[in-house]
Amino acid sequence: MRAVLVLGSGYLFTSLMAVAHLLTFPGLFSSGDLLGVGHQANAWLDTFRHAAFPLFAVCYALLKRQENVSRRPPADIRNKSVWAAASAIAGVMLMTIVATAGDQLLPRITSGGSYTPAMAAVNIPVWLLSVVALAIVALRPPYSMLDLCMIVVLCAWMFDVGLSTVINAGLFDVGFYAGHLYGLFAASVVPIVLLVEGSRLYSRLDEALAIAEERNAELARSREELAQAQRLEAIGQLTGGVAHDFNNLLTVITGNLELILRAPENVARIERLAQSAMKATQRGERLVRQLLTYARRQITRPETVNPNKLIADIENLMRRAIGEQIEMVIKLSPLLAPAQIDPAEFETAMLNLVINSRDAIMGGGRITIETGNVTIDRQYAASNPDVIPGPYVMIAVSDSGAGMTPAVLARAFDPFFTTKEIGKGSGLGLSQVYGFAKTAGGHITIDSELGIGTIVKLYLPKSSDRPIMPEVSTEIGLRPANGCETVLVVEDDEEVLSVAAESLRELGYQIVTATNAVEALDVLRSHQVVDLLFSDVIMPGDMNGAQLAVEARRIRPSLRVLLTSGYTAATLSREHGLPDNLNVVEKPYRREELAEKLRLVIGA
């Protein structure tokens with residue numbers, strides 16, 4: 001601070017003036033005075049010393065007031081300190097010259113070792129200047145430690161000047177020494193008090209730092225324990241929700257299959273029971289997809305699309321989902337930028353948001369869907385580390401429902417967390433939307449207020465590519481298997497292998513099976529005819545399905561490959577060895593879906 005530099009210059013100036021004053025004392029260093037100037041210069045040097053310090057104190061107080069307002073950080077403090085010291089030294093030299101060489105120009109304040117009436121006329125303004133300095137420093141609380149020290153010093157300074165004026169009749173009398181000894185005593189006490197106080201403060205600071213470190217360590221342990229407890233709670237909630245829903249599905253499937261086994265001759269009944277079991281498996285498939293989307297481990301097929309077009313395509317479906325009692329308002333930005341997303345996952349996310357808003361509205365109400373282009377700045381991204389600043393496409397779904405409490409809002413995206421009655425909600429709607437947003441590289445926010453409503457905003461990264469226009473289908477039907485094509489099926493689960501092989505035989509393919517990559521490579525190195533490799537991705541051993549496909553094509557370059565998996569993120573990503581030219585069918589797959597994929601791969 002400039003104020004502290006000025007104050008330091010004042011102390012340096014005063015100290016050097018005291019040295020110059022001592023050099024004019026007769027008999028101190030020599031029989032006369034070292035400067036050979038007499039009592040007149042000695043008295044004026046002492047007066048300059050007394051008058052200068054209050055001036056520096058006034059400058060300190062005024063500069064400190066300005067700097068408290070501006071809060072400007074110090075710049076180039078070393079050079080400024082050098083200039084301040086040089087200025088103080090130059091000032092001392094100038095005052096010494098004025099008091100010695102120019103003593104004939106100054107009023108006579110001494111005569112024969114005694115003070116003249118002019119001395120009182122000079123000391124009174126000096127004393128008043130000390131009073132003014134004390135008032136300026138003291139009349140602006142709150143005080144810093146330096147301010148309090150300055151108040152003490154200025155009070156001592158006032159008594160020094162006062163004693164020298166009232167009971168000091170001449171040089172080197174009782175008043176002269178009383179005033180100077182008092183000033184020396186006061187000036188000595190203040191630094192001693194400062195040193196003692198500073199030492200005490202440093203001791204307390206060390207204790208506080210030790211306590212703070214201990215508390216920080218304890219806080220870190222508490223946070224880790226809390227995070228672990230939250231993870232265990234989330235795992236427990238997730239496991240409980242999955243177990244509940246899958247037990248219901250397994251009950252349906254097991255019950256229908258048992259009924260089929262008990263009445264194998266009733267074809268109509270078997271068909272009805274099989275369809276019921278198939279519906280349960282489809283519900284299970286949707287449940288798994290929602291979980292994988294939340295965990296960001298779902299196979300996605302991103303395309304550059306216009307979200308406005310996707311919203312318009314499912315508008316009727318959303319209106320049917322919410323019913324006629326609820327009004328839907330759609331405000332689509334005509335200048336909306338394209339985004340690279342999985343269209344199916346986006347449509348599912350929109351339906352989940354709309355249905356969630358519908359369930360929050362009691363009776364009639366309104367759901368509003370808005371789109372627009374927004375930019376997330378660095379300031380927002382700094383407070384949200386998982387967000388990358390840049391241009392985004394924003395889709396907002398708001399409702400006039402009951403709103404959420406802060407406790408519910410904090411858990412809104414947790415899987416299987418729901419405030420609905422048992423059996424009326426899986427608790428996976430918002431978690432699927434969250435997973436979709438994160439998988440797309442975007443961001444999601446949710447704001448809610450009780451009695452006002454809720455608004456969910458999806459932020460999807462803007463794409464610089466053009467949206468893909470849907471092509472008119474010219475497909476004339478898939479060519480069925482001709483009975484001569486051979487498929488090598490690789491699957492480590494025997495039951496899945498059996499079902500896959502049986503399905504492929506029904507489709508008209510010749511089947512060769514293997515339970516791991518080593519067996520499959522042995523088949524490929526033999527003279528066995530193989531037209532297509534159909535392999536699971538995750539298998540035991542040192543080689544997964546993607547690595548098997550690469551090695552198989554090295555052995556047989558013209559071999560067609562189709563992979564399948566239900567868990568995909570760690571294995572199917574390009575970073576883990578999945579080439580771009582490999583086709584994938586997701587588990588669980590249906591017979592028709594598998595047949596279509598096989599014909600596309602073989603005919604490619």
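S.K.: Would you take a moment to explain the pattern of salt bridges for this structure?
M.R.: Working definition: two side chains of opposite charge can pair if their charged atoms are close together. This structure, assessed with the given rule, holds 9 salt bridges. Among the salt bridges present, the one from Asp 359 reaches Arg 358, with a minimum N-O distance of 3.0 Å. One salt bridge connects Asp 522 with Arg 525, and the closest N-O pair in it is separated by 3.8 Å. Placement of the pair is Asp 522 and Arg 525 together in helix H15 (residues 517-525), with a separation of 3 residues, close to one helical turn.

S.K.: Looking at this structure, how should I read the packing of helix H9 (residues 315-322) against helix H10 (residues 343-360)?
M.R.: Where H9 contacts H10, the axes come no closer than 9 Å and their chain directions differ by 25 degrees. Overall, the two elements H9 and H10 adopt an arrangement that is roughly parallel. H10 is crossed by H9, and the crossing has right-handed handedness. For the pair H9 and H10, the contacting residues are Leu 317, Met 318, Ala 321 and Ile 322 in the first and Met 350, Leu 351, Val 354, Ile 355 and Arg 358 in the second.

S.K.: Looking at this structure, I do not really get empty space enclosed by the protein. What am I missing?
M.R.: To find the voids left in a structure, one rolls a probe of water-molecule size over its atoms. Under the definition given, this model contains 5 cavities of 30 Å³ or more. In this structure, the largest cavity spans a volume of roughly 80 Å³. Lining the largest cavity are Tyr 60, Ala 61, Lys 64, Arg 65, Ile 136, Val 137, Arg 140 and Asp 147. No other element matches helix H2 (residues 39-70), which puts 4 residues into the lining of the largest cavity.

S.K.: Help me out: how do you make sense of the packing of H15 against helix H16 (residues 545-555) in this one?
M.R.: To describe two helices that pack against each other, one gives the angle between their axes and the distance between the axes. Where H15 meets H16, the closest approach of the two axes is 10 Å, and the angle between their N-to-C directions is 15 degrees. Judged by the inter-axis angle, H15 sits roughly parallel to H16. Viewed along their axes, H15 and H16 form a crossing whose handedness is right-handed. Side by side, H15 and H16 meet where Ala 517, Ala 520, Leu 521, Leu 524 and Arg 525 of the first sit next to Leu 548, Glu 551, Ala 552 and Ile 555 of the second.

S.K.: What should I look at first to understand a nonpolar patch on the surface in this one?
M.R.: There is a patch of nonpolar side chains on the surface, built from Tyr 143, Met 145, Leu 148 and Leu 201 and spanning about 340 Å² of accessible area. Checked against the element boundaries, Leu 148 lands in helix H5 (residues 145-166). In this structure Leu 148 comes out as partly exposed when scored by relative accessible area, which is 40%.

S.K.: How should I be thinking about the side chain of Thr 564 in this particular structure?
M.R.: Mapped onto the fold, Thr 564 is located in strand S13 (residues 560-565). Overall, Thr 564 belongs to the buried group, its relative accessible area being 2%. Reaching out from Thr 564, the side chain makes a polar contact with the backbone oxygen of Val 585 at a distance of 3.0 Å. Not counting chain neighbours up to four residues away, the residues in contact with Thr 564 comprise Phe 534, Ser 535, Asp 536, Val 537, Val 585, Glu 586, Lys 587 and Tyr 589.

S.K.: Whenever I open this one, the nonpolar core confuses me. Can you help?
M.R.: One broad rule of soluble globular proteins: the nonpolar side chains tend to lie buried together. Ranked by size, the top nonpolar core spans 35 residues in total, and within it Met 318, Ile 341, Phe 346, Met 350, Ile 369, Ile 395 and Leu 458 carry the most contacts. Per-element tally for this core: the top contributor is H10, with 5 residues. When neighbours within four sequence positions are excluded, Leu 458 is seen to be in contact with Leu 353, Val 393, Met 394, Ile 395, Val 433, Phe 436, Ala 437, His 443 and Ile 444.

Conventions adopted
- Residues numbered from 1 in each chain as written.
- Predicted model: local features only at pLDDT ≥ 70, side-chain atom pairs only at ≥ 80, totals over all residues.
- Heavy atoms only, no water.
- Salt bridge = Lys/Arg side-chain N within 4 Å of Asp/Glu carboxyl O.
- Helix = DSSP H or I, 4+ residues; strand = E, 2+ residues; numbered from the N terminus.
- Axes fitted to C-alpha atoms, helices over the stretch in contact; angles between N-to-C directions.
- Parallel < 35°, antiparallel > 145°, perpendicular 65-115°, else oblique.
- Left-handed = near helix turned anticlockwise from the far one by under 90°.
- Contact = heavy atoms within 4.5 Å.
- 1 Å grid on protein atoms, 1.4 Å probe; cavity = no way out; pocket = protein on both sides within 12 Å on 5 of 7 lines; lining within 4 Å.
- Points joined across faces, edges and corners; volume = space filled by probe spheres on them.
- Patch = residues over 30% accessible without salt bridge, like charges linked within 9 Å, V, L, I, M, F, W, Y side chains within 5 Å.
- Areas by Shrake-Rupley, 256 points an atom, 1.4 Å probe, with all protein chains shown as cover.
- Buried < 20%, exposed > 50% of the residue type's maximum accessible area, 1.4 Å probe, protein only.
- Polar contact = N/O pair within 3.5 Å; in protein donor to acceptor, adjacent residues only side chain to side chain.
- Core = buried A, V, L, I, M, F, W, Y, C linked by side-chain atoms within 4.5 Å.

Everything listed here is a matter of coordinates, which is why it stays silent on function.
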